[in-house]
Amino acid sequence: MKLRLCRVQFAFLLPALLSSPLLLCLLFSQSSHASITRSSARTAAQIGTNVSPEDDGSRTVLIGYAGPLSGTSAAVGKSMANAAQLAVDEANKRGLQIQGRPVQLKLLIQDDRTNPRTAELIARYLVRSGVVGVIGHWNSAASLAAAPIYNAGGVIQISPASMSNLFTQQGNRAAFRTIGNNDSAGSYTADYAVKTLQARRFLVVDDGTPFGRGFVEQFSRSAKELGAQIVGSHSVSDKTSDFNAVLIDALKLRPDAVMFGGLELQASTLARSLKRRSPGIRFIGSSGTVGLPFLRAAGADGNGSVVLEPGLPMDKMPGWKNFEKNYMQKFDSNIELFAPFAYDATQVLIAAMRQANSMEPKKIAEALHAIHFSGMTGPVSFNQQGDLNNPTFTIYEVENQSWVVKKVISGSAN
């Protein structure tokens, strides 16, 4: 008996296959890399035309999703995938026609585990599958690893969460994001810390990732411009829970605040340790910290922590009520911070397909550069680099172990 797997079935098996070290080694051998690259190049020429006819005469168009579906960041990744699926389902329900023919959209979901090497494998698989665009990735390191592969394959990439400036500075006309970037976020965080918190001396720490380093670098530049002082700096692994060197410096240098560029679980560890060792020093986190994981892990020691996040508070987003209702009816899970931006990323990709009246990624990308879309998070339009025009941010502070809105900031893309 012959064993046959369609590519959709393979999509569900891929995360399990990727767990094999032997497979990873084989795939990353020079010969495998060359073979995959050639295959991707051939597939790229067929994107937008390699569609499946259905009984009703419609064509199926694939959209990819790539983000963490396992590991410590699984909750946010699954929530983003759910939001993207909701946008696809709603578009199919409304009906989509391209060049006078009905189109059925299908979301191809993949788990990148926040790992750059896995993200590369996922990107090659999605390009070979003939997706017109990909919603993802979540963390900047994964997005940056996958971006050249999407670019070479002629596939659009819209990240709902990656904030590293490098993501849209690679000369790729088909890379976009639906949130603000590190330049804006770092600058606004510094402005609030200096002007509102009246902090003048900062100890800065980054997690060694493109996102963490970029956030801290921009924060430091802006703080200095405002007359503040960076009294010390550390760079740690994004996997570590050992912040002893940072805590020793905090005791010795006595900064007004410690600013950490990294994600929520590490942030909670540092915030908790800092409060216990140096209770008079404020903790300032970077985007990606607001949510239940930080509150649960930090407990009462998280009180007083300050973080700037992209977008309006969820309940202030223009389309929040309908989105929340439809999401909760369809999925039995919490709505995490970046889900609304994944929803809008998928929506704006579909809107650009309509505007271009085409399934060719190059034409859709050009439509994205010209689009003015009313999203559920607010207006969505992009500058020439693919950054969001006029991004909005919100400052939160932990009070009584709850995130409380302190300030909403509207600005422009850098």
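Just above sits the structure.
Attention in this report is confined to the structure presented alongside it. On a predicted model such as this, the values are computed, not experimentally measured, just so you know.

**Some points on the sheet that holds strand 12 (residues 306-310)**
No. 1: Spatial ordering of the open sheet is given by 9-8-10-11-12-15-16, a layout of 7 strands whose pairing is mixed. Every interior strand has two partners, whereas the edge strands, strand 9 (229-235) and strand 16 (402-410), have only one. Recorded for the sheet is a direction-independent mean angle of 20° between the axes of neighbouring strands.
No. 2: Sheet analysis places strand 12 next to strand 15 (residues 392-399), joined by 5 bridges and oriented antiparallel. When the bridges of strand 15 are listed, Glu309 appears paired with Thr394.
No. 3: Across the sheet, helix 8 (residues 210-225) touches strand 8 (201-206), strand 9 and strand 10 (257-261), and the angle it forms with strand 8 is around 165°.

**Some thoughts on the pattern of salt bridges**
Pairing is possible between side chains that carry opposite charge, provided their charged atoms lie close to one another.
No. 1: The tally for this structure, following the rule as stated, stands at 10 salt bridges.
No. 2: Ionic pairing is found between Lys252 and Asp249, a salt bridge with its closest N-O pair at 3.5 Å. One end of the pair is Lys252 and the other is Asp249, both in helix 9 (residues 244-253) and 3 residues apart, which spans about a single turn.
No. 3: Residue classification places Lys252 among the exposed residues on the basis of a relative accessible area of 59%.
No. 4: What makes Asp249 buried here is its relative accessible area of 15%.
No. 5: With a closest N to O distance of 3.1 Å, Arg282 and Glu397 form a salt bridge. Separated by 115 residues along the polypeptide, Arg282 in strand 11 (residues 282-285) and Glu397 in strand 15 bring together distant segments of the chain.

**Structural notes on the environment of Ser143**
No. 1: Mapped onto the secondary structure, Ser143 falls in helix 6 (residues 140-153).
No. 2: Classification of Ser143 by relative accessible area gives buried; the value is 0%.
No. 3: Residues Ser143 and Gln157 lie 14 residues apart in sequence; the distance between their C-alpha atoms is 8.8 Å.
No. 4: In this structure, Ser143 is in contact with Gly136, His137, Gln157, Ser159, Ser162 and Phe167, ignoring residues within four places of it in sequence.

Cut-off values and rules
- Residues numbered from 1 in each chain as written.
- Predicted model: local features only at pLDDT ≥ 70, side-chain atom pairs only at ≥ 80, totals over all residues.
- Heavy atoms only, no water.
- Pairing = 2+ DSSP bridges.
- Helix = DSSP H or I, 4+ residues; strand = E, 2+ residues; numbered from the N terminus.
- Axes fitted to C-alpha atoms, helices over the stretch in contact; angles between N-to-C directions.
- Contact = heavy atoms within 4.5 Å.
- Salt bridge = Lys/Arg side-chain N within 4 Å of Asp/Glu carboxyl O.
- Buried < 20%, exposed > 50% of the residue type's maximum accessible area, 1.4 Å probe, protein only.

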